[in-house]
Amino acid sequence: MKNNNMSKYYHLKTESQQEWSKRDLFFLDKSFINAFFSDFNSSLKLGACIVVNKKKYYTGYNQKCRTQIFKSKYLSLHAEIHALSNFIKNEYGQYKLCNWSANNNNTTIYIVRVMNNPLLPPYGISKPCKRCESFLYQHNIKYIKYTDVDEFGKQVLVTMQRV
C-alpha cells in the first residue's frame, strides 16, 4: 500500500479491465454517459457517480460556470463536486456542502474521463485534483475509484481508500 504524505487517501489497488466487477462497470458506465453532458471539448469531458450504501447513486459532470465577479470568464465545476452537490441536494434539499458529510462512511465515487479518439481506450486518466480529493475527504467519501492507463497503454481502475 502506497501512502503519499500529502494525500488523505492511500492507494488500495489497481485492477486491469478484466478484473473489474459488474458493479464497477455499472457505475463507470453511469459516469461515462454523464460525461457527455459536459460542455467542455472532447478531451476534458469528465463524469462522476457517487454511490451510497451500494444502492443509491448521484451523478455529475464537469461544466463551465460564470462567476459574479468575472462575468466574462468561465470557471470549471469539476464532475466530483457536481455529483456531491447533486447527492446532497437530493438527500437533504440543500446545496450547503460545507455543513454535510457522509456519516455512513460507505460511499464510493467513480470518476471517468471520456476519450473521443478511436486510437485510444474509451476511458482516459481521471485522477481527481488535490482540491477535489481534499473536498471528498472533508465530506467522508470512503473510496475514490478512477480510470487510468498503465505503462502499457491498457485501461485500469484505481481504488483509493480514505485514511
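Residues numbered from 1 in each chain as written. Predicted model: local features only at pLDDT ≥ 70, side-chain atom pairs only at ≥ 80, totals over all residues. Heavy atoms only, no water.

Caption draft 1: Main features of the confidence of the model for the chain. Mean pLDDT over the chain: 84, with 81% of residues reaching 70 or higher. Per-residue pLDDT stays below 50 along residues 1–5; that stretch engages in 7 contacts with residues further than four places along the chain or on separate chains. (pLDDT = per-residue confidence, 0-100. Contact = heavy atoms within 4.5 Å.)

Caption draft 2: Representation of helix 1 (residues 22–35) in the model. Between its first and last C-alpha atoms helix 1 spans 20 Å; for 14 residues at 1.5 Å apiece the expected length is 20 Å, and the two agree. Regarding helix 1, the residues found buried are D24, F27, L28, S31, N34 and A35. Looking straight down helix 1, one finds that the buried residues subtend no more than 120° of arc, so they occupy a single side. The outward face of helix 1, more than 90 degrees from its buried face, is lined by the exposed residues K22 and I33. (Helix = DSSP H or I, 4+ residues; strand = E, 2+ residues; numbered from the N terminus. Expected span 1.5 Å × (residues − 1). Buried < 20%, exposed > 50% of the residue type's maximum accessible area, 1.4 Å probe, protein only. Arc of directions from axis to C-beta.)

Caption draft 3: Spotlight on the nonpolar core. I109, I111 and I144 are the most contacted members of the largest nonpolar core, which has 20 residues in total. Elements represented by at least two residues in this core include exactly strand 2 (46–52), helix 2 (79–92), strand 6 (107–114), strand 8 (143–149) and strand 9 (155–162). In this structure, I109 is in contact with A48, C49, I50, E80, L136, I141, Y143, I144 and K145, ignoring residues within four places of it in sequence. Core analysis: the next-biggest nonpolar cluster, separate from the first, contains 9 residues, W20, F27, Y110 and Y123 among them. (Core = buried A, V, L, I, M, F, W, Y, C linked by side-chain atoms within 4.5 Å.)

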